[in-house]
Amino acid sequence: MITMDDIVREGHPSLREKTREVPVPPSEEDIQLLNDMLDFIKNSQNEEIAGEYNLRAGVGLAAPQLGINKRMCAVHFEDLKGKLYSYGLINPKIISHSVEQAYLSSGEGCLSVDRDVEGYVPRNARVTVKAFGIDGNEIKLRLRGYAAIVVQHEIDHLDGVMFYDHINQENPFAIPDNSKPIG
Ligand code: K2U
Ligand code: NI
């Protein structure tokens, strides 16, 4: 079972590495890892389990956050309309995106960052993502709104990018050009 002790924090080199693609179809080991990552996210959202194991609530997790250099991440959350997104993503790639940008009006956080970093994080408002699922089949996701934000946060981790890299350092709450707030 993955716990917070397994999640590396800022300063760990793994968070700044570009990850290597994973062989497809995935090995038993990689399937197990992705399922463990999904279980962590679900556990972190379960008040009883999160309380018992002191888990910080999360909606996504990327392999580099476990110190593992593999191009894999997992997401489990409902969007603002209650649609469930629950995926293990292998070798995800943004194959197209909108010019329009979007940002969470609440800003972002990160399970690997033990501090509040204020400011708007501009991201693509809409993305099309190609990946392989845990079953090894190809997935194509057309995402917008909160789902687009979460998946881009996780794919950033696979490229060694942290959410605060996108924040305007001069004016963290500057409204990004051609952007809209989410939430
Ligand atoms: O990658 C991670 O560190 C998991 C993040 C993902 C994330 C943060 C902000 C915006 C989009 C995705 C954690 O989920 S941070 C904690 C959290 C929990 C519930 C909702 C939003 C953020
Ligand atoms: Ni993060």
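Thresholds applied
- Residues numbered from 1 in each chain as written.
- Chains lettered and ligands numbered in written order.
- Predicted model: local features only at pLDDT ≥ 70, side-chain atom pairs only at ≥ 80, totals over all residues.
- Heavy atoms only, no water.
- Salt bridge = Lys/Arg side-chain N within 4 Å of Asp/Glu carboxyl O.
- Helix = DSSP H or I, 4+ residues; strand = E, 2+ residues; numbered from the N terminus.
- Buried < 20%, exposed > 50% of the residue type's maximum accessible area, 1.4 Å probe, protein only.
- Near = heavy atom within 4 Å.
- Polar contact = N/O pair within 3.5 Å; in protein donor to acceptor, adjacent residues only side chain to side chain.
- Areas by Shrake-Rupley, 256 points an atom, 1.4 Å probe, with all protein chains shown as cover.
- Nonpolar A, V, L, I, M, F, W, Y, C, P; charged D, E, K, R; others polar.

1. Regarding the pattern of salt bridges
Throughout the structure, instances matching the rule amount to 10 salt bridges. Here Asp159 and Lys18 are joined by a salt bridge, their closest N and O atoms 2.6 Å apart. Note that Asp159 is positioned in the loop between helix H3 (145-158) and strand E8 (179-182) and Lys18 in the segment before helix H1 (28-44), a separation of 141 residues in sequence. Assessed through its relative accessible area of 27%, Asp159 is described here as partly exposed. Judged by its relative accessible area of 57%, Lys18 falls in the exposed class. Asp30 is paired through a salt bridge with Lys70; the nearest N and O atoms lie 2.4 Å apart. With Asp30 in helix H1 and Lys70 in the loop between strand E1 (60-62) and strand E2 (72-78), this residue pair connects regions lying 40 residues apart in the sequence.

2. Regarding the site of ligand 1
Around ligand 1 sit 15 residues in total, of which Val59, Gly60, Gln65, Leu111 and Glu154 are the nearest. For ligand 1, an oxygen atom lies 2.8 Å from a polar atom in the backbone of Val59. In the model, an oxygen atom of ligand 1 is placed 3.3 Å from a nitrogen or oxygen of the His157 side chain. The protein chains hide 83% of the 480 Å² of surface that ligand 1 would expose on its own. Among the elements that make up the shell around ligand 1, the one with the highest residue count is H3 (5 residues). Of the residues that constitute the shell around ligand 1, the class distribution is 7 nonpolar, 6 polar and 2 charged.

These figures capture arrangement, not role.
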